[in-house]
Amino acid sequence: MESEEKRAFCIGALMITAFAVFTLLIQWIDVQSVGVNGTSVGFAALNTWFHRLTGVHMRIYHVTDWLSLVPVGVCLYFAGLGFLQWLKRKSLLLVDADLLLLGVYYAVVVGCYMGFEMIPVHYRPVLIDGRMEASYPSSTTLLVLSVMPTLAFQVKRRFIKAGRCVSLPTMLFSGLMVLGRLISGVHWLVDIMGASLLSAGLFHFYKAAVLSNDDS
């Protein structure tokens, strides 16, 4: 278990470092005023090429928006599970440690989202309902890739046999959601890439924390 914990921690550290470096590079490399209303975009040639390749498909955008309620539902389910344990055991400290850590993890994900909303790196390549919106990292991609792996991880921990049945649908759903965001044209390519790095890093840190608690 200890080796798995170290592996998860190392992957998390690598992904978060890659995300930080990638975020800095976006603000330095090939920055051009090619965004909505002349806003600056890093890796401009790559981003504009990919955006022209996919075009804009608002129907796909709306479908992925609605489907993002699935990971929100996952969050609410685990929040409810933790709350029920709290009521039954009459102490927050007696709630399963992995659920308490999951609550902290979800709070960190929300904090990352809010931070990038307040300090935009990129704006979307298109207006949404006539408004400019922050686009980096892709919030839907961050939500899906941060939350859905916790579903598979928790199910595997609590219902070992069912874990195998949940892992594949979870991976397929996550992959289709990311693909949908990519081809919808409402994000720059690097917005999806950044969200993927950040979510992978955060999840592996959560996994390492849970495994470390198991060993203690």
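Scroll up to find the structure this text is about.
Description of the structure in this document. The structure presented is a predicted model; accordingly, all values stated were derived computationally and were not measured.

## Some details on the packing of helix α4 (residues 69–89) against helix α6 (residues 139–158)
Contact pair α4 / α6: the axes reach a minimum separation of 9 Å and the direction vectors enclose 45°. The angle between the axes of α4 and α6 places the two elements in the oblique class. As for the relative orientation of α4 and α6, their crossing is left-handed in sense. The residues of α6 that touch α4, namely those facing V70, P71, V72, V74, C75, F78, L81 and Q85, are L143, V144, V147, M148, T150, L151, Q154 and R158. Its residues assigned to classes, the contact of α4 with α6 comprises 12 nonpolar, three polar and one charged.

## A few points about unusual backbone geometry
The omega torsion of the bond from Y136 to P137 falls at -15°, within 30 degrees of zero and hence cis. By the secondary structure assignment, P137 is in the loop between α5 (97–118) and α6. The residue F43 is not glycine, and still its phi comes out positive at about 50°. Among the secondary structure elements, F43 is positioned in the loop between α1 (2–26) and α2 (44–54).

## Quick look at the layout of surface pockets
Of the voids in this model, the largest pocket is the one considered here, and its volume is about 450 Å³. Surrounding the largest pocket, 17 residues form its lining, P149, A152, F153, F203 and K207 being those nearest its centre. Listing elements by their share of the lining of the largest pocket, those giving two or more residues are α6, α7 (160–184) and α8 (189–215). Counting residues per element, the lining of the largest pocket draws most heavily on α6, which supplies seven residues. Split into classes, the residues belonging to the lining of the largest pocket amount to nine nonpolar, three polar and five charged.

Cut-offs and rules
Residues numbered from 1 in each chain as written. Predicted model: local features only at pLDDT ≥ 70, side-chain atom pairs only at ≥ 80, totals over all residues. Heavy atoms only, no water. Axes fitted to C-alpha atoms, helices over the stretch in contact; angles between N-to-C directions. Helix = DSSP H or I, 4+ residues; strand = E, 2+ residues; numbered from the N terminus. Parallel < 35°, antiparallel > 145°, perpendicular 65-115°, else oblique. Left-handed = near helix turned anticlockwise from the far one by under 90°. Contact = heavy atoms within 4.5 Å. Nonpolar A, V, L, I, M, F, W, Y, C, P; charged D, E, K, R; others polar. 1 Å grid on protein atoms, 1.4 Å probe; cavity = no way out; pocket = protein on both sides within 12 Å on 5 of 7 lines; lining within 4 Å. Points joined across faces, edges and corners; volume = space filled by probe spheres on them.

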